[in-house]
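The primary structure of each chain is shown beneath.
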Amino acid sequence: GVVMNHACAWLVFNIYGDDITGATGTTWKILDLQVMNISKTGTATLTSSSVVWDETDKTKEYEIYKAVDETQAQTLSTSAFIPCPTNCIVIPQVPTELYIKYSYVSQEGLAPIVEETTVPLTVTGSTEWEAGKKYTYDVTVTATAIKIMPTSTDWTPGTTTTPTI
């Protein structure tokens, strides 16, 4: 059979909410999530054993999730909200930062507090998103910080005995 290795990197974001300093009844909502300043296009040079990318235009934002407004925003909890489980594909490159806009209400009847920030993205075991790797980022929104725990695994190559070209 023919083995098809992936020429891009796959990003997955698991988004969690957390209580404000242990307060009960806190409601967290995600409003906007973007990977900032990345290359969305480039030129791939194929060799017999690898793909080498030449990045272009490193000024793009990759919209992972955006709510229409605060009332339509996804409520967060200790269970993961996964805004794009299969389609966050990027060319190999050094990761930059994650922009996140979120709101929280600490008590019933109070107006939501909206916060926004950027946090650096890192990669475990490398300095860049590599072709053929899946990068999972567990992002927890808390009252005092955005916590990001990255992991990476091999993105299993596909195989076929009847390739179509």
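Scope of this entry: the structure provided in the associated data block. (Residues numbered from 1 in each chain as written. Predicted model: local features only at pLDDT ≥ 70, side-chain atom pairs only at ≥ 80, totals over all residues. Heavy atoms only, no water.)

## Points about the sheet that holds strand S11 (residues 133-141)
We apply this condition: Whether two strands pair depends on DSSP finding at least two bridges between them. A helix here means a DSSP run of H or I that spans at least four residues, while a strand means a run of E at least two residues long, and both kinds are numbered starting from the N terminus.
Taken together, the 4 strands give an open sheet; going across it, the order is S8-S2-S11-S12, and neighbouring strands pair in mixed fashion. Sheet topology places strand S8 (89-90) and strand S12 (146-154) at the edges, where each strand pairs with a single neighbour. Bridge count for S11 against S12 is 9 bridges, and the pairing is antiparallel. Bridge pairing links threonine 136 to threonine 151 in S12.

## Observations regarding the nonpolar core
Cut-off, in case you're wondering: For the purposes of this section, nonpolar cores are sets of buried Ala, Val, Leu, Ile, Met, Phe, Trp, Tyr and Cys residues that join through side-chain atoms within 4.5 Å. Each residue's exposure class comes from its accessible area (1.4 Å probe, protein chains only) as a fraction of the maximum for that residue type: buried when under 20%, exposed when over 50%, partly exposed otherwise. The contact criterion used is simple: two residues touch if any of their non-hydrogen atoms lie within 4.5 Å.
Core analysis: the biggest nonpolar cluster contains 34 residues, and Leu11, Phe13, Val35, Leu98, Trp129, Tyr137 and Val139 have the highest contact counts within it. Elements that contribute at least two residues to this core include exactly strand S2 (9-17), strand S3 (27-38), strand S6 (60-66), strand S9 (97-105), S11 and S12. Element by element, the count of residues in this core is highest for S3, at 6 residues. Residue contacts for valine 139: discarding those within four places in its chain leaves Phe13, Asn14, Ile15, Tyr16, Leu98, Ile100, Ile146, Lys147 and Ile148.

## Notes on the pattern of salt bridges
The cut-off we apply is this: We define a salt bridge as a contact between a side-chain nitrogen of Lys or Arg and a carboxyl oxygen of Asp or Glu at a distance within 4 Å.
In the structure shown here, the tally under the stated rule is 2 salt bridges. For lysine 66, the salt bridge identified is with aspartate 32, shortest N-O distance 3.3 Å. Taken together, the residues span a long stretch of sequence, with lysine 66 in strand S6 and aspartate 32 in strand S3 at a distance of 34 residues. Exposure remark for lysine 66: the relative accessible area of 54% places this residue in the exposed category. A residue is classified by how much of its surface remains accessible, and aspartate 32, at 4% relative accessible area, is buried. Aspartate 154 is the salt-bridge partner of lysine 133, the closest N and O atoms lying 2.9 Å from each other. Residue lysine 133 is located in strand S11, and its partner aspartate 154 is located in strand S12; the two are separated by 21 residues in the primary sequence. On the basis of relative accessibility, which here comes to 57%, the residue aspartate 154 falls in the exposed class.

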